Amino acid sequence: MATSVIAGKGLLEREHELAVLAESLARVESDGCGALVLLSGEAGVGKTALLREFCERQATGAQIFRGACDPLFTPEPLGPLLDIADGLGGDFAEALSERRELHELVGALTQTLATRRPAVLAFEDVHWADEATLDVLRVLIRRIEKVAVLVVLTFRDDELEWSHPLRRTLGELATQRSVTRLKLTPLSPDGVGELARPHGVDAGELYRTTGGNPFFVVEALASGGDRIPATVREAVLARGARLSSSARSLLETVALVPPQAELWLLDALLGSPADDLEDCLASGMLRSEPAGIVFRHELARLAVEESVAPDCALAAHRRALAALADPPDGAADLARLAHHAEAARDAESVLAYSPAAAERAAAVGAHREAAAQYARAFRFGHGLPPQERADLLERQAEACYLTDQYEEGIAALEHALEIHRAEGDRLREGDVLARLSDFLWCPGRTQESERRAREAVSLLEPLPRRGELAHAYSVLAFSCDRASRGAEAAEWASRALELAERVGDEPTAVNALMVLQTGEALERARRAGLDRHVASALTILAGGSLSGCRYREAASYIQDGLDFCEERGIELSQLYLLAFRARFELDQGLWNEAADTAGTVLGIHRTSTSPRILALCVLALLRARRGDPGWSELLDEAEQLAEPTGELGRRGPVAAAKAETAWLAGNREGVAAATDELIPLARDLSEGRLLGELGSWRRLAGLETDIATPVPGPFRPQLEGAWSAAAKQWGELGCRYQAAIARAATGDETQLRLALDELQELGASAAAAVVARRLRERGIRGLPRGPRRSTRENPVGLTTRELEVLTLVAKGLRNTEIAERLFLSKRTVDRHVSSVLRKLSVRTRSQASAEAVRLGLAAQVE
């Protein structure tokens, strides 16, 4: 079960293991003594892919001989040795064909290997090896220090029961000095995210279902919309087919009772399955945890669950429901009971357990689970009174709001609206209309959102003045505020605040203050314990700080908000805050981090369009500034999302990005087209930062612009033509790119040169080309064409960041330690290390360290 986890030009998250293999081979070459690497890991983790990549890297070096063991009930004796015999030739091929005694066969093998030095001898899947092969390996490895060969054995360590013959071999090898053990682990969440990103799937869900197993990840991505890829299903079921019928029954039972099968539960459902449990654990499909017995991978559990006959599954769920309702210790698990009640088609039990499970889930921040539980209860609630059914829908919608599941939430509210209208309940009808308005805004259905808010106000105003009307006022205030109609927004918010405080509706009072005074809203929300409102206030404050170029303040709000939302499961605000962080990182010159964060936002497929628009703009600007392709497609998607809303808050970032990319391309008409329509609108609506950005690109393109509205500090001197002052202010704010552009705009030769160096240091090749062209137009010669100054100042072309990484590698730090030291992601460090090894023309970290000392590179950044 081999798979490939290729990312770019190398294996993803396998540089350390490749380096260990390369170092082992290097020692064999230099010392003339053999070495053994034991490469273990679960099925599908990528052992074959790793070995293949390693061998391909040695294409012009050592000779490679590979053999494989087959999963046969009666494997051919010495099968993997037969695989290598023809290629190895010599006395060994003859000795093997004559089936000579063990000591003669090993002697012939070592003598033949001695003529092939250096050599790599790789045997795959030795957990399936016959005993004769294992005997040869044991004797060979005892003599390995006398032969210049690297022996690599791969095996599945999750399939070795205590009596497995390979365990004896491994035990004998434990004392060998020449042995290196490598255990391949599944991909990290970041690694799964990198593979998932081009496919537009939820990386978190993919990681949960696959456990990071590369085979499962790759097959799940390749299958598109299939829940269980056929390849995974076949592999899982084939593995289970090797078990006895009673062990397979136990496997199916564990699959039907997620998340784990407690031992007492297995006893209740199956009797005393001790022997069968041991077999299932030894197969590697199950593992034992403190809570009970679980599948090693969720995809495997789902594959087995789907294979159970419907009548057998129904009976098993009914037995599980009865057993779990009265556990031997502790309280009953409401979520599990609701799961089995649905599978057992027991409507009464579903209605008893699902709403209670939803409340418990919401109380601990598991709002996605709460939404699913309310939806389950509604499906079985045909016999409930209409208002109770509507209540389930409204509770589901509230949980959907917090988790940005807007399509489901809107459908639930529209259904509830129909129920209230049929019942003639105008108060609840108006309340649901206001809530529906809230839902419709995030997906960009802005006109419909405002219409629903006005309908709610019209419906509720003739009724006694209660909190429902105050809420409708606050929702309408929000719609007006997002549409940049500040005076009207303030009027409705004031009405909402006055009525909410009169009737004692604190959540609605806080909502109104979000429009009037967000800082005060935050404090009141914290005091009242209104988590959703705290998250919203932090999000608004973070966005406002970014708009005002108050970066230190923005960083604080963003981090506080992300921590708060993470602890409470508020996914909606978390998504907005991640988009703001991507913009913050872009402005602060943290471009690799900005790309990662924007990619995270784009990889989380939710309904809200604002975070996606901002992330698309960030990624497009990064690509355009670096001279990379693909930025125009990103801006096209952002524009398609933003334009129908008519809102400046969504259209503005797209227009600013289009203006900048047009300037980078020397397209004066493109700058005018991107700014002509929005500048008057932004001026009328007092959108300061947008005016500053659009106006700056117009001035840089030589277009006149009239800005009468106050703009954030660093934009003011740009619009006045005082570029030196602007460069200073941007520099003080940590915005290196903006500072460099402002320096270049001064026209001063010294400032142009400084700007060129800074842009090259950032990797902003497109803007650097603009500045270099201007210098050449002025007749200035000797300008660099290509790598930036710090890169040119070392003989192998390492960037400043690569020099930093190399210095830490030379000090013996691992990639995770380097990431912590430099405040980078591990994936970014992995890429830097791979680039350093390539530029230095070495294969290992130790070789890189030696080369750094020889060239004097590590000292450059000490």
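Worth saying up front: this structure is predicted, and the values here are computed from it rather than measured.

(A) Layout of the overall build of the chain. For the chain, the helix and strand inventory stands at 47 helices and nine strands. Reported as C-alpha extents along the three principal axes, the dimensions of the chain are approximately 100 × 85 × 40 Å. Counting the 862 residues in the chain, one finds 55% classified as buried. Sequence-distant contacts in the chain: of pairs separated by 6 or more residues, those separated by 24 or more amount to 63%. A total accessible area of about 36,700 Å² is found for the chain, and carbon and sulfur atoms account for 49% of it. Across the chain, 103 positive and 127 negative side-chain charges occur, with their mean positions spaced 5 Å apart.

(B) Representation of the nonpolar core. With 156 residues, the main nonpolar core has Phe439, Trp663, Trp730, Tyr737 and Leu759 as its most contacted residues. Ranked by the residues each element gives to this core, the list is headed by helix 32 (residues 610–626), at eleven residues. When neighbours within four sequence positions are excluded, Trp730 is seen to be in contact with Cys549, Tyr551, Pro714, Phe715, Gln718, Cys735, Gln738, Ala739 and Ala742. Val217, Val232, Leu266 and Leu277 belong to the second largest nonpolar core, which has 44 residues in total.

(C) Layout of helix 42 (residues 765–777). Helix length check: helix 42, at 13 residues, gives a terminal C-alpha distance of 18 Å against a target of 18 Å (1.5 Å per residue), a fit within 8%. Every buried residue belonging to helix 42 is among Ala766, Ala767, Ala768, Val770, Val771, Ala772 and Leu775, and all of these are buried. Residue Gly779 follows helix 42 closely and has a positive phi angle near 85°.

(D) Geometry of the side chain of Thr154. One can find Thr154 in strand 6 (residues 149–155). Assessed through its relative accessible area of 1%, Thr154 is described here as buried. Looking at Thr154, its side chain comes within polar contact range of the main-chain nitrogen of Asp125, at 2.9 Å. Setting aside its immediate chain neighbours within four residues, Thr154 contacts Leu39, Lys47, Leu51, Phe123, Glu124, Asp125 and Val126.

(E) Here's a closer look at the packing of helix 12 (residues 245–256) against helix 13 (residues 263–270). Running from N to C, helix 12 and helix 13 point in directions that differ by 120°, and their axes come no closer than 11 Å. The orientation of helix 12 relative to helix 13 falls into the category oblique. In the packing of helix 12 onto helix 13, the handedness of the crossing is right-handed. Only Leu266, Leu269 and Leu270 of helix 13 make contact with helix 12, whose side of the interface consists of Ser249, Leu250, Thr253 and Val254. Looking at the contact of helix 12 with helix 13 residue by residue, the class counts come to five nonpolar, two polar and no charged.

(F) Structural context of the sheet that holds strand 5 (residues 119–124). Spatially, the five strands line up as an open sheet ordered 4-5-6-3-7, and their pairing is parallel. Each end of this open sheet is capped by a strand with a single partner; those strands are strand 4 (63–68) and strand 7 (179–183). Strand-to-strand twist of the sheet, defined as the mean angle between neighbouring strand axes without regard to direction, takes the value 15°. Summarising the sheet, strand 3 (residues 35–40) and strand 7 pair through five bridges and their orientation is parallel. When the bridges of strand 7 are listed, Ser40 appears paired with Lys183. Packing against the sheet, helix 3 (residues 79–88) makes contact with strand 4 and strand 5, and its axis sits at approximately 150° to strand 4.

(G) A look at the packing of aromatic side chains. Counted by the stated rule, this structure contains ten aromatic pairs. Residues Tyr551 and Phe584 carry aromatic rings whose centres are separated by 6.2 Å and whose planes lie at 50° to one another, so their mutual orientation is tilted. Linking Tyr551 in helix 29 (residues 551–568) with Phe584 in helix 30 (residues 571–587), this pair joins segments that are 33 residues apart in sequence. Where Phe715 meets Trp730, the ring centres are 5.1 Å apart and the plane angle is 85°; that geometry is what we call edge-to-face. Residue Phe715 is found in helix 38 (residues 715–720), and its partner Trp730 is found in helix 39 (residues 723–732); the two are separated by 15 residues along the sequence. Accessibility expressed as a relative area gives 4% for Phe715, which makes it buried. A relative accessible area of 1% means that Trp730 is categorised as buried. A network of ring pairs unites the aromatic residues Tyr401, Tyr406 and Phe439 as a single cluster.

(H) The arrangement of the pairing of strand 8 (residues 286–289) in detail. Note that strand 8 and strand 9 (residues 292–295) share four bridges and pair antiparallel. When the bridges of strand 9 are listed, Leu286 appears paired with Phe295. Count of turn residues in the strand 8/strand 9 antiparallel hairpin: two residues.

Criteria and cut-off values
Residues numbered from 1 in each chain as written. Predicted model: local features only at pLDDT ≥ 70, side-chain atom pairs only at ≥ 80, totals over all residues. Heavy atoms only, no water. Helix = DSSP H or I, 4+ residues; strand = E, 2+ residues; numbered from the N terminus. Buried < 20%, exposed > 50% of the residue type's maximum accessible area, 1.4 Å probe, protein only. Contact = heavy atoms within 4.5 Å. Areas by Shrake-Rupley, 256 points an atom, 1.4 Å probe, with all protein chains shown as cover. Lys, Arg positive; Asp, Glu negative; His and termini not counted. Charge placed at Lys NZ, Arg CZ, Asp CG, Glu CD. Core = buried A, V, L, I, M, F, W, Y, C linked by side-chain atoms within 4.5 Å. Expected span 1.5 Å × (residues − 1). Polar contact = N/O pair within 3.5 Å; in protein donor to acceptor, adjacent residues only side chain to side chain. Axes fitted to C-alpha atoms, helices over the stretch in contact; angles between N-to-C directions. Parallel < 35°, antiparallel > 145°, perpendicular 65-115°, else oblique. Left-handed = near helix turned anticlockwise from the far one by under 90°. Nonpolar A, V, L, I, M, F, W, Y, C, P; charged D, E, K, R; others polar. Pairing = 2+ DSSP bridges. Phe/Tyr/Trp six-rings, centres within 6.5 Å; stacked < 30°, edge-to-face > 60°.

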